[in-house]
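Observations on the three-dimensional arrangement
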Amino acid sequence: MLVEMQNLTIAFPTPQGMSQAVRGVSMTLGQEKLGIVGESGSGKSISARAILRLLPPQAVVTADVLRFDGIDIKTASERQMRAIRGRRAGLILQDPKYSLNPIMTAGSQIAEAWRNQKKGSRREAAEAALDLLSQVQIRDVRRVAAAYPHELSGGMGQRVMIAMMLAPDPELLIADEPTSALDATVQAEILRLMEDLVSRRGMGLMLISHDLPLVSHFCDRVAVMYAGRVVEELGAGELLHAKHPYTRGLLECLPTLSHPKLRLPVMARDPAWLA
Amino acid sequence: MSASIDRTWLLSEAPASRAQAAWGRRYRLWCDFRANPLAMGGLVIAVVLVLAALFAPLLATYDPSAQELANRLATPSAAHWLGTDELGRDVYSRLLFGGRVTLGMVISVVVLVAPLGLAVGCVAGYFGGWADTLLMRVTDVFLAFPRLILALAFVAAIHPGVTSAVIAIALTAWPPYARLARAETLSIRNTDFIAAVRLTGASSVRIILRHVAPLCLGSLIVRVTLDMSSIILTAASLGFLGMGAQPPSPEWGSMIATARRFFLDQWWVPLIPGIAIFVASLAFNLLGDGLRDVLDPKQR
Amino acid sequence: MLVTFLIGRVMPIDPVIAIIGDHAPEDVVQRVRVELGLDRPLYVQFGIYVWQLLHGDLGRSVMTSNTVVEDIQRYFPATIELATVAIIVATLVGVPLGVLAAVRAGSKTDVGIRILCLAGHSIPIFLLALISLLVFYANLGWAPGPGRADVAFEGLVPVVTGFLTIDSLIAWDWDSFYDALAHLAQPAGVLAYFSMAYIARMTRAFMLDALAGEYVITARAKGLSQLRVIWRHAFGNIAVRLVTVLALTYAGLLEGAVVTETVFSWPGLGQYLTVSLLNADMNAVLGATLVVGLIYMALNLLADAAYKLLDPRVS
């Protein structure tokens, strides 16, 4: 198993006391595509970041089990964590406008990631960056490599981000809403690109999104999170058989072309779900 | 009503009236503020200083200008708690009355400057166009000179004294406020809620006074508090250079200036007013820092 | 320009009397007044002033009876030397302190650095200067007294740049160099602490902002070392803004120099300005204020230019 997580909790201190953001999440991930779906604040993003220990320092994390390929994240040293982060697991963030360093060229950011693990010369790193850019289906690699993030479109920026995280050939890719900031047409392209790369390289993928149908299309399994818990876990094909009222509610709120409704229902929330 | 009922009323998630909501918000800010020991320290010192200055005649043990030449430059003792100066005047009593001069100057400057800066900034930011250009050019001219040097030149041009020092500091202090208020106004002006207010037919004056200015207030208060310490320092520097309050006035800066020649031997005589300036300025800095954390969390 | 001119002309002390004293006979006063062009209307006087200014003529100082331009040339290098040494020290100490405070935000280190900076903001600079004299000169005897050089060394080194430390190095005069350095240490140290407080505070604020950026998480996710994340990624993003702060601090140092130079009897522009002010030496005040104002503006423009040059986001 690449990722094992049992009873993970994450809390943040506030002036009014500890605020529980994640309350006992358990999941496992092998060489497969796992989707995590939930609304803003459901804890999906920080649960994933906890695997790489990339939470802000004031976060309090507890778990019965939290392992990456058998390595205990809870007790791993910072050096061990760095070996995991760059080399074995990559993280793709939502908006390349913010997640790429604005004062470094795309090429040098990719080259930096490559050099950090492969220890080659500058020239080799620059060449590797061009090669990686062409792997994410960028045609004009030299222009893109020399460009600063603000000169790239959102789709281009996300390709650069993917190229950067693929540089060290990781075994796991965590994509945190990788397409939410992109146009609908570009979204599909980026997802197809990721699917292609992941299956070709035999990687595990954790795809975090708030778009339930999109994730179920794309992933082998889907975990639905609500208020810091996993309320339901489904195989991708079983979406229509979802049992939890939250998941069903989400599905019913979607407009469809085949069965048009005059009025979309409003999500009703049951306080019992929080228990 | 007991304290616990007050607290639940204040922290209620569902306030019953606008007043309750407003007071609840203020109470939460106060809770945040209270949690910061440095800021609380600043607040306590500032309050003590203001009270000491207000009640100076009651607290003083001597007449601040009474000379006792036989007992000049005395070390601190039971009779003269902080010693005496070069004319045998009681330093402790002079310090108290000096606080009135210093704090009075600070308050006058702030009262002159903050509304002016706010008005200029809001008008420039809200209307834009030539009004903005004109007002901001004027602001730039004043900003182009270092504050103390411009104030020095102004004071020299009028004539040294407390009033001219206040005017000089005020003249050099308003541009940053205008800049700040303008920047805030620009970001508020294009929000949807201002568009909504405008759609209901509110006049420009009403929008500026009721909707724009109150939102600038938070950062303005922070700025004023932090600025108070720099006003204290500028006023003291003017006094020290002989361009502010004139001796025999017990202004802290000029007290140092007159006692400076005794510094190597009777070092406590100039040092004590110096410490007073430092403490006052530090108090406002701490207070401003704490207020910023509470009122303006994005700018930490 | 208009501002400095008006300040000069509305001075209540009659410049004529300042030149010839107040016991001169009436006809002499009249003659001098005409000579100085003070009998003509204000706007004509302003025109003449601007005309002279454009030709590099700031008039003559009543106090030193040199032209103001000569005086400024003489006193200015001392101030620049002082301010430059101060800002170098302040930057070398303030920037790392600010970064450290931001990285350890909320810790005891952070609180300590914050208090250190707040104290630097709050202490009147002349008090710091006086305390420094008392401790290092009078009590410990580590530092030499006020002034720029010991009497024994005065005028020994030929003036090349006007910076005493550099001039003595050019002359290979090590004793003069050490003497100049020793005299520089105290005023420069006082000014450095004052500006260090500001630099560290701004660095901390910028760094907190930068460290909260998503790209910092990206950099950490790449497996980069903590040092590289902080200095290459976060600090790299604030470097440009810091240049602006440094330019402003340098300009602020000119202001601090006025008070510091007075306390340490440092023969710089600040002392020249205060002495001229006290003597109502109008031309000297105008000239010195103008020069400081020009430098202030030049530094602001320079900071803007640096911003455009160094930040790829501004085209």
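Check the entry above for the structure.
To keep things clear, this report deals only with the structure shown in the data block.

About the thresholds
Residues numbered from 1 in each chain as written. Chains lettered and ligands numbered in written order. Predicted model: local features only at pLDDT ≥ 70, side-chain atom pairs only at ≥ 80, totals over all residues. Heavy atoms only, no water. Patch = residues over 30% accessible without salt bridge, like charges linked within 9 Å, V, L, I, M, F, W, Y side chains within 5 Å. Areas by Shrake-Rupley, 256 points an atom, 1.4 Å probe, with all protein chains shown as cover. Salt bridge = Lys/Arg side-chain N within 4 Å of Asp/Glu carboxyl O. Helix = DSSP H or I, 4+ residues; strand = E, 2+ residues; numbered from the N terminus. Buried < 20%, exposed > 50% of the residue type's maximum accessible area, 1.4 Å probe, protein only. Phe/Tyr/Trp six-rings, centres within 6.5 Å; stacked < 30°, edge-to-face > 60°. Pairing = 2+ DSSP bridges. Axes fitted to C-alpha atoms, helices over the stretch in contact; angles between N-to-C directions. Contact = heavy atoms within 4.5 Å. Buried area = accessible area lost by both parts, 1.4 Å probe. Polar contact = N/O pair within 3.5 Å; in protein donor to acceptor, adjacent residues only side chain to side chain.

Attention now moves to a nonpolar patch on the surface. Residue and element names in this part refer to chain B. On the surface, Val 47, Val 50, Leu 51, Leu 54, Phe 55, Leu 58 and Leu 59 cluster together into a nonpolar patch covering about 640 Å² of accessible area. Broken down by secondary-structure element, the contributors of at least two residues to the nonpolar patch are α3 (37–54) and α4 (56–59). Sort the elements by how many residues they give to the nonpolar patch and α3 lands first, with four residues. Relative to the elements of secondary structure, Leu 58 occurs in helix α4. The class of Leu 58 is exposed, set by a relative accessible area of 70%.

Applying the stated criterion to the full structure yields six aromatic pairs over all chains. Ring centres 5.3 Å apart and planes at 85 degrees place the aromatic pair B:Tyr126 and B:Phe127 in the edge-to-face group. Assessed through its relative accessible area of 9%, B:Tyr126 is described here as buried. Note on B:Phe240 and C:Phe126: the rings are 4.2 Å apart at their centroids and 5 degrees apart in plane angle, and the pair reads as stacked. In this pair, B:Phe240 is assigned in helix α10 (residues 204–240) and C:Phe126 in helix α7 (residues 125–139), connecting two distinct chains.

Residues and elements named next belong to chain A. Taken across its five residues, strand β3 (residues 33–37) has five buried, putting it largely inside the fold. Judged by which residues are buried, β3 turns out to be covered on both faces: Lys 33, Gly 35 and Val 37 on one side and Leu 34 and Ile 36 on the other are all buried. As defined by bridge partners, β3 adjoins strand β9 (residues 204–209) across five bridges and the pair is classed as parallel. Along β9, the bridge assignment pairs Leu 34 with Met 206. Pairing analysis gives four bridges linking β3 to strand β10 (residues 221–226), with the strands arranged parallel. Note on β10: the bridge partner recorded for Ile 36 is Ala 223.

Now for the pattern of salt bridges. Enumeration according to the criterion identifies 25 salt bridges over all chains in this entry. Two residues, A:Lys118 and A:Asp169, come together in a salt bridge whose shortest N-O distance is 3.1 Å. Of this pair, A:Lys118 sits in helix α4 (residues 106–118) while A:Asp169 sits in the loop between α7 (154–166) and β8 (172–176), and the two are 51 residues apart along the sequence. Here the salt bridges share partners, and the residues they tie into one network are B:Asp289, B:Arg292, C:Arg114 and C:Arg201.

With that settled, consider the sheet that holds strand β11 (residues 229–235) of chain A. Residues and elements named next belong to chain A. One open sheet accounts for six strands, arranged β7-β8-β9-β3-β10-β11; its pairing is mixed. Strand pairing shows two members of the sheet lacking a second neighbour, β7 (89–92) and β11, which therefore form its edges. Sheet twist, expressed as the mean angle between neighbouring strand axes with direction ignored, is 15 degrees. Of the strand pairs in this sheet, β8 and β9 are connected by five bridges, and their pairing is parallel. Directly across from Ala 175, in β9, lies its bridge partner Leu 207. Against the sheet, α7 touches β7 and β8, its axis set at about 165 degrees to β7. Lying over the sheet, helix α10 (residues 245–252) contacts β10 and β11, oriented at roughly 100 degrees with respect to β10.

Listed as interface residues are 40 residues of chain B and, on the opposing side, 40 residues of chain C. Surface buried jointly by chain B and chain C totals about 3600 Å² across both partners, of which 78% is contributed by carbon and sulfur atoms. Counting the contacts that link chain B with chain C gives two salt bridges. Note that B:Asp289 and C:Arg201 form a salt bridge whose closest N and O atoms lie 2.9 Å from each other. At the surface where chain B touches chain C, the tally comes to four residue pairs in polar contact (both at pLDDT 80 or more). Elements that contribute at least two residues to the side of chain B that touches chain C include exactly α6 (129–143), α7 (147–157), α10 and α12 (268–295) of chain B. In terms of residue count, the dominant contributor to the side of chain B that touches chain C is α12(B) (twelve residues).

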